[in-house]
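Read off the chains here:
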Amino acid sequence: MHTLSLNDVYHVKFRSFFELILLTQSTANYHQAQIIRNLVFAVIYEIDAHHRQHSTILPSSLTGYTLFSRFKQLLNRNFMHERKLEFYADHLHVMPKSLSAAIKKHTGRSAGKWIDETIALEAKVLLQNQTLTVSQISGILNFSNQSVFSKFFSANTGMSPVAYRKKLL
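These numbers were taken from a predicted model, which means no experiment stands behind them.

Undergrad: What am I meant to see in the side chain of Glu 122 here?
TA: If you trace the backbone, Glu 122 turns up in helix α6 (residues 111-127). Classification of Glu 122 as buried rests on a relative accessible area of 7%. Contact partners of Glu 122, with chain neighbours within four places excluded, come to Arg 37, Phe 79, Met 80 and Leu 141.

Undergrad: Looking at this structure, I do not really get the packing of aromatic side chains. What am I missing?
TA: To describe a pair of aromatic rings, you give the distance between the ring centres and the angle between the ring planes. In this structure the tally under the stated criterion is eight aromatic pairs. Look at Phe 68 and Trp 114: their rings are 5.0 Å apart centre to centre, the planes differ by 65°, and that puts the pair in the edge-to-face class. Taken together, the residues span a long stretch of sequence, with Phe 68 in helix α3 (residues 59-78) and Trp 114 in helix α6 at a distance of 46 residues. For the pair shown, Phe 68 and Trp 114 are each scored as buried. Taken together, Phe 143, Phe 149, Phe 152, Phe 153 and Tyr 164 form an aromatic cluster joined through their ring pairs. Seen from the ring of Trp 114, Arg 109 lies directly overhead, with NZ or CZ sitting 4.0 Å from the centre.

Undergrad: Can you help me understand the pattern of salt bridges in this one?
TA: Pairing between side chains becomes possible if they bear opposite charge and their charged atoms approach one another. Taken as a whole and assessed by the stated rule, the structure comprises four salt bridges. The shortest N-O distance in the salt bridge between Arg 37 and Glu 122 comes to 3.1 Å. Separated by 85 residues along the polypeptide, Arg 37 in helix α2 (residues 32-54) and Glu 122 in helix α6 bring together distant segments of the chain. Between Arg 109 and Glu 117 there is a salt bridge whose closest N-O contact spans 1.9 Å.

Undergrad: Would you mind going over the packing of α6 against helix α8 (residues 146-157) with me for this structure?
TA: A pair of packed helices can be characterised by two numbers: the angle between their axes and the separation between those axes. Put simply, α6 and α8 touch, their axes get as near as 10 Å, and they point 110° apart. In terms of orientation, α6 lies roughly perpendicular with respect to α8. Contact residues: α6 offers Lys 113, Asp 116, Ile 119, Ala 120, Ala 123, Lys 124 and Leu 127, while α8 offers Phe 149, Phe 152, Phe 153, Asn 156 and Thr 157. A per-class count over the contact of α6 with α8 returns seven nonpolar, two polar and three charged.

Undergrad: What's the story with the environment of Val 40 in this structure? I'm lost.
TA: Take Val 40: it is sitting in helix α2. Expressed as a C-alpha distance, the spacing of Val 40 and Ile 21, which sit 19 residues apart in the sequence, is 7.9 Å.

Undergrad: I would appreciate a short explanation of the confidence of the model for the chain in the present structure.
TA: Interpreting fine coordinate detail is not advised for predicted regions of low pLDDT. Summary statistics for the chain give a mean pLDDT of 88 and a share of 91% for residues scoring 70 or more. In the predicted structure, residues 57-62 sits below a pLDDT of 50 and forms three contacts with residues beyond four places in sequence or in another chain.

Scoring rules and cut-offs
- Residues numbered from 1 in each chain as written.
- Predicted model: local features only at pLDDT ≥ 70, side-chain atom pairs only at ≥ 80, totals over all residues.
- Heavy atoms only, no water.
- Helix = DSSP H or I, 4+ residues; strand = E, 2+ residues; numbered from the N terminus.
- Buried < 20%, exposed > 50% of the residue type's maximum accessible area, 1.4 Å probe, protein only.
- Contact = heavy atoms within 4.5 Å.
- Phe/Tyr/Trp six-rings, centres within 6.5 Å; stacked < 30°, edge-to-face > 60°.
- Lys NZ or Arg CZ within 6 Å of the ring centre and 35° of its normal.
- Salt bridge = Lys/Arg side-chain N within 4 Å of Asp/Glu carboxyl O.
- Axes fitted to C-alpha atoms, helices over the stretch in contact; angles between N-to-C directions.
- Parallel < 35°, antiparallel > 145°, perpendicular 65-115°, else oblique.
- Nonpolar A, V, L, I, M, F, W, Y, C, P; charged D, E, K, R; others polar.
- pLDDT = per-residue confidence, 0-100.

Next comes the structure, spelled out in structure tokens:
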């Protein structure tokens, strides 16, 4: 089961985070998307801290967990400008196939899938900002052009960036 019991302190903390996210979402703010993104990252770090504190990871799976943890950190720092599996494998001092196999064994998804999903999620966040054009978002995410970005987004979400944005309205 992928659940953890929360004590009262964590329950209050998480409820506060989600209330703050909802409050930020309901008020217009120039940096609204960035604030919400950072609040979500804070929630993720709190969940990770809670999990590490209360987890019963077996020593045999510790290596995979450590590699996955290092991969996630590297991915969060670099996905905006780097999406090649070789980049992540080189920085983690493993072969690309080994990295992908270890991540897949640990999470059920390959490292390449994690990279694509992270970029697609960021694209969804950026598409919520109506002041940015699809072309600008393509540039922010370092795609060679809008067409390549649109193909990537469609392949990973099942709809075009424009269709996704229209769905939000």
